[in-house]
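# What the coordinates show
Listed below are the residues making up each chain.
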Amino acid sequence: HSYGALINPALISGGNQQGLFTANRSLGGGISHDFVALTKSRANGQHIALTLNSLSTGSILERTIWQPEGTGATTSATLSSVGLGISQAFSEYFHAGMQLKYGLEQLGVYRAHNVYLDLGFLYKLDIADLQFAAALTNFGPNTPISNLPIGNESALAATKNDISYLAISILFAALSF
């Protein structure tokens, strides 16, 4: 399934389908999630996928402790990635896949670029169409944020990991709805 590229690259060949999948959803508070996947079937049970994924906040009013009603300026946060994946059906029951992604995280003028790897497998059981799948997603090195003000590092309110944790928390909260 093309949608499988979002959560587990092994699912790309698990459905034995090819095509285009696109989704857009508003998670509330101006946060939107966009996803596009294009999958293509190849010989011998192999599938390839190209994905685009974006989570963005829209405009956020900047506030300070001296101006709690806002400074008049706005900022935004965006998490984006583009990926290329491959999935292989090793048998009728076992599928494995991997996806290499380039990611950009941005909060106002602060940016972090990284390369991530997703690994996953899918095992189809003989019992009542049950399936078992697991994935390791967004595995990659920690990278520093660029555009830090020199001599004023305390101006940065959140580190890259905090931004990622916030985005993941927002996404899980929205999915739990």
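Numbering of residues starts from 1 in each chain and follows the order in which that chain's sequence is written. Local features in this predicted model are restricted to residues of pLDDT 70 or higher, and side-chain atom pairs are both shown and tallied only at a pLDDT of 80 or more, whereas totals for entire chains, interfaces and linings draw on every residue. Water and hydrogen atoms play no part in the side-chain values, which are based on all heavy atoms of the structure.

## A word on the sheet that holds strand β6 (residues 77-89)
- In this scheme, strands are said to pair when DSSP sees at least two bridges between them. Per the convention used, a helix needs a DSSP run of H or I reaching at least four residues, while a strand needs a run of E reaching at least two, with both numbered from the N terminus. Taken in spatial order, the seven strands line up as β1-β2-β3-β6-β7-β8-β9 in an open sheet, and their pairing is antiparallel. Strand pairing shows two members of the sheet lacking a second neighbour, β1 (19-28) and β9 (131-139), which therefore form its edges. Pairwise comparison of adjacent strand axes, ignoring direction, gives a mean angle of 15 degrees for this sheet.
- By the bridge criterion, 13 bridges tie β6 to strand β7 (residues 94-107) in an arrangement that is antiparallel. Helix axes are fitted to C-alpha atoms over the stretch in contact, other axes to C-alpha atoms as well, and angles between N-to-C directions run from 0 to 180 degrees.

## Quick look at the pairing of strand β8 (residues 110-124)
- Bridging between β7 and β8 involves 14 bridges; their strand directions are antiparallel. Bridge pairing in β8 places L107 opposite Y110.
- The antiparallel pairing of β7 with β8 creates a hairpin that spans two residues between the two strands, and G108 there sits at a positive phi of about 65 degrees.
- Looking at chain direction, β8 and β9 are connected through seven bridges and run antiparallel. What sits directly across from L119, in β9, is L136.

## Things to note about a nonpolar patch on the surface
- The residues that make up patches have over 30% relative accessible area and no salt bridge, and they are joined within 9 Å when like-charged or within 5 Å when they are Val, Leu, Ile, Met, Phe, Trp or Tyr. A 1.4 Å probe and the Shrake-Rupley method give the accessible areas. Residues count as covered only by the protein chains that appear here. What counts as a salt bridge is simple: a side-chain nitrogen of Lys or Arg found within 4 Å of a carboxyl oxygen of Asp or Glu. Side chains of L20, V36, L38, L50, L52, V82, L84, L100, Y102 and V115 sit close together on the surface and give an oily, nonpolar patch of about 900 Å² of accessible area.
- Of all elements in the fold, only β2 (31-41), β3 (46-56), β6 and β7 reach the threshold of two or more residues within the nonpolar patch.
- Turning to its location among the elements, L100 is positioned in strand β7.

## With respect to the pairing of β1
- Pairing geometry for β1 and β2, over nine bridges, is antiparallel. The residue bridging N24 from the neighbouring strand is D34, located in β2.

Function cannot be read off these values alone, since they describe shape.
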